[in-house]
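As a plain string of letters, each chain reads:
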Amino acid sequence: MSQFIALLGHYQAQLEQQYGGLLNQDIRRAIIDMLHCKQDESRYSQWHCGHCQHDQQLPASCGNRSCPQCLHQTTSNWLAKQTDKLLPVHYFMVTFTLPYQLKVLARQHPKALYQLMLQVTAGILKDFAKRENKGSLGFTSVLHTHNRRRECHPHVHIIVPCGRYNAVKKQWCKSDKQYLFNEFSLAKVWRARVIDAINHSAELTMPTDTPKKWMVDCRKVGFGASAFKYLSRYLYRGVLPDKDIINITEEVVTFRYKESSTNMTKERTLPVLEFLWLILQHVLPKGLQRVRDYGFLRGNAKQL
């Protein structure tokens, strides 16, 4: 059994007592699924060898995308699918980050906020490309809700191949591999459109202390394979693999992470209940599609 799930089962009552007011329906469902994962004797999968008479029953997995024991094959399949679609061009990764002042909205209305982020970021890239009149972009957006310390840090990574498809001429147009869009211009539009979308939302309310400068990062990432591999680590199977949990006592849990600025491995130690909430707050709302393909990389454009 996963170390995280074992901790969750042992401290479930205390977790409910201390963080019960913050546990929404999606988090509670994830907890129930994880605690029953490969433990329910009434649910099992039947495996049969096609070359001999060997037959075996195995406990069924829960299939929850937040479960650290499940969906390894789903992750591998997604990475293989994206690798098959790689074009022989350079790629960029554009990262749109939400300011920490707005993370309270992620706790109160996660589905509305994350849908908004994905829609706004896609619209910005499409409009920037349209303004240059060089054809339509193709890109893949991936929503992440945490930083490497596993704190709430909503942001969207977008992988963009260096080139456009002109539907009128039915022609591929090669782009400058050194430059995609100006990241300062992207940041200004990102801020303006998120504020406007929140002001027009029935669920979301804009905080009063919104910063004037927002962050957008735009950088080259080679030929794309390494970027997709990086993103695949956090798509399924929870946000913290068991191998990174290095010490557990009755009072505290210690896990390791790699600091993004220095690339050095560091450790973080938290009280058990605080650690459990740190991980559970990243359970995604039911029905939210966190990975989306656009333009000539969309699912129904395979022939193109």
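I will try to describe carefully the structure that is included in this document. Small disclaimer: the values here were computed from a predicted structure and weren't measured. (Residues numbered from 1 in each chain as written. Predicted model: local features only at pLDDT ≥ 70, side-chain atom pairs only at ≥ 80, totals over all residues. Heavy atoms only, no water.)

Section: the pairing of strand β5 (residues 152-161)
The cut-off we apply is this: Three exposure classes are used, based on accessible area relative to the maximum for each residue type with a 1.4 Å probe and protein chains only: buried under 20%, partly exposed in between, and exposed over 50%. Helical segments are the DSSP runs of H or I of at least four residues, strand segments are the runs of E of at least two, and each set is numbered from the N terminus. Whether two strands pair comes down to DSSP finding at least two bridges between them.
The element β5 is largely enclosed, with a buried count of 9 among its 10 residues. Of the strand pairs in this sheet, strand β3 (residues 91-97) and β5 are connected by 7 bridges, and their pairing is antiparallel. By the bridge assignment for β5, Phe 96 is matched with Val 156. When strand β4 (residues 139-146) meets β5, the two strands line up antiparallel, connected through 6 bridges. Bridged to Ser 141 within β5 is Ile 158. Hairpin connection from β4 to β5: 5 residues lie between these consecutive antiparallel strands, with Arg 150 at a positive phi of about 70°.

Section: the pattern of salt bridges
Defined as follows: What makes a salt bridge here is a side-chain nitrogen of Lys or Arg within 4 Å of a carboxyl oxygen of Asp or Glu, nothing more.
Inspection of every chain in the model, using the stated rule, returns 11 salt bridges. With a closest N to O distance of 2.7 Å, Arg 28 and Glu 16 form a salt bridge. One end of the pair, Arg 28, is in helix α3 (residues 25-36); the other, Glu 16, is in helix α2 (residues 12-19), and 12 residues separate them in sequence. By relative accessible area, Arg 28 is classed as partly exposed at 32%. With a relative accessible area of 37%, Glu 16 lands in the partly exposed category. Its salt-bridge partner being Lys 266, residue Glu 259 comes within 3.3 Å of it at the nearest N-O pair. The structure contains a network of salt bridges with shared partners spanning Arg 149, Glu 151 and Arg 268.

Considerations on empty space enclosed by the protein
What counts here: Definitions used for this entry: grid spacing 1 Å over protein atoms alone; cavity, a set of points where a 1.4 Å probe fits but cannot get out; pocket, an open set with protein on both sides within 12 Å along at least 5 of 7 lines; lining residue, one with an atom within 4 Å of a point. Grid points are joined across faces, edges and corners, and a volume is the space filled by probe spheres set on the points. Residue polarity is assigned by list, with Asp, Glu, Lys and Arg as charged and Ala, Val, Leu, Ile, Met, Phe, Trp, Tyr, Cys and Pro as nonpolar; anything else, Gly included, falls into the polar class.
Applying the stated criterion to the full structure yields 2 cavities of 30 Å³ or more. Roughly 120 Å³ of internal volume is contained in the largest cavity. If you trace the largest cavity, you find 15 residues lining it, with Ser 66, Gly 238, Val 239, His 282 and Val 283 closest to the centre. A breakdown of the residues in the lining of the largest cavity according to their chemical character gives 10 nonpolar, 3 polar and 2 charged. Approximately 40 Å³ is the volume found for the second largest cavity. Contributing to the lining of the second largest cavity are Phe 4, Ser 66, Pro 68, Gly 238, Val 239, Leu 240, Ile 245, Phe 275 and Ile 279.

Observations concerning the side chain of Thr 145
What counts, and what does not: Polar contacts here mean pairs of N or O atoms no more than 3.5 Å apart (in protein, one a potential hydrogen donor and the other a potential acceptor; neighbouring residues in sequence count only if both atoms are side-chain atoms). Throughout, a contact is declared for two residues whenever any of their heavy atoms are within 4.5 Å.
Relative to the helices and strands, Thr 145 resides in strand β4. Engagement of the side chain of Thr 145 in a polar contact is seen with the side chain of His 282, the distance being 3.0 Å. Those residues in contact with Thr 145, other than ones at most four positions away along the chain, are Tyr 114, Glu 151, Cys 152, His 153, Pro 154, His 282 and Leu 284.

Overview of the sheet that holds β3
Quick note on the threshold: Helix axes are fitted only over the stretch in contact, all axes being lines through C-alpha atoms; the angle between N-to-C directions runs from 0 to 180 degrees.
Across the sheet, 5 strands lie side by side as β8-β3-β5-β4-β12; this open sheet has antiparallel pairing. The sheet terminates laterally at β8 (215-220) and β12 (291-294), the two strands that pair on one side only. Across the sheet, the mean angle separating the axes of adjacent strands is 20° when strand polarity is ignored. Looking at chain direction, β3 and β8 are connected through 6 bridges and run antiparallel. In the strand pairing of β8, Val 94 is matched with Cys 218. Sheet strands touched by helix α7 (residues 183-199): β3 and β8. Its angle to β8, the strand with the most contacts, is close to 145°. Across the face of the sheet, helix α8 (residues 225-232) comes into contact with β3, β4 and β5 while running at roughly 150° to β5.

Here's the deal with unusual backbone geometry
With phi around 55°, Asn 133 is a residue other than glycine that occupies positive phi space. Residue placement: Asn 133 occurs in the loop between α6 (110-132) and β4. Phi is positive for Lys 170, close to 50°, though the residue is something other than glycine. Locating Lys 170 in the fold gives a position in the loop between β6 (163-166) and β7 (171-174).

Remarks on the nonpolar core
Note the cut-off: Take the buried residues of types Ala, Val, Leu, Ile, Met, Phe, Trp, Tyr and Cys, join any two whose side-chain atoms come within 4.5 Å, and each joined set is a nonpolar core.
Counting residues in each nonpolar core, the largest one holds 43 residues, and the members touching the most others are Val 94, Phe 96, Leu 125, Leu 186, Trp 190 and Val 194. If you list the elements that add at least two residues to this core, you get β3, α5 (103-108), α6, β4, β5, α7 and β8. Element by element, the count of residues in this core is highest for α6, at 12 residues. Filtering out sequence-adjacent residues up to four positions away, Leu 125 remains in contact with Phe 96, Leu 137, Phe 139, Ile 158, Val 160, Phe 181 and Leu 186. Counting residues in hydrophobic clusters, the runner-up holds 32 residues, among them Tyr 11, Met 34, Leu 273 and Trp 277.

Looking at α7
Stated formally: An expected span of 1.5 Å times one less than the residue number is assigned to each helix. What the arc describes is the spread of directions from the helix axis to the C-beta atoms.
Compared with the 24 Å implied by 1.5 Å per residue over 17 residues, the 24 Å span of α7 between its first and last C-alpha is a close match. All of the buried residues in α7 are Leu 186, Ala 187, Trp 190, Val 194, Ile 195 and Ile 198. Viewed along the axis of α7, the buried residues span an arc of 155°, placing them on a single side of the element. Opposite its buried face, α7 presents the exposed residues Lys 188 and Asn 199, each directed more than 90 degrees away. Close packing links the buried residues of α7 with β3, α5, α6 and β8. Where α7 begins, the capping side chain belongs to Asn 182, and its oxygen is found 2.9 Å from the backbone nitrogen of Phe 184.

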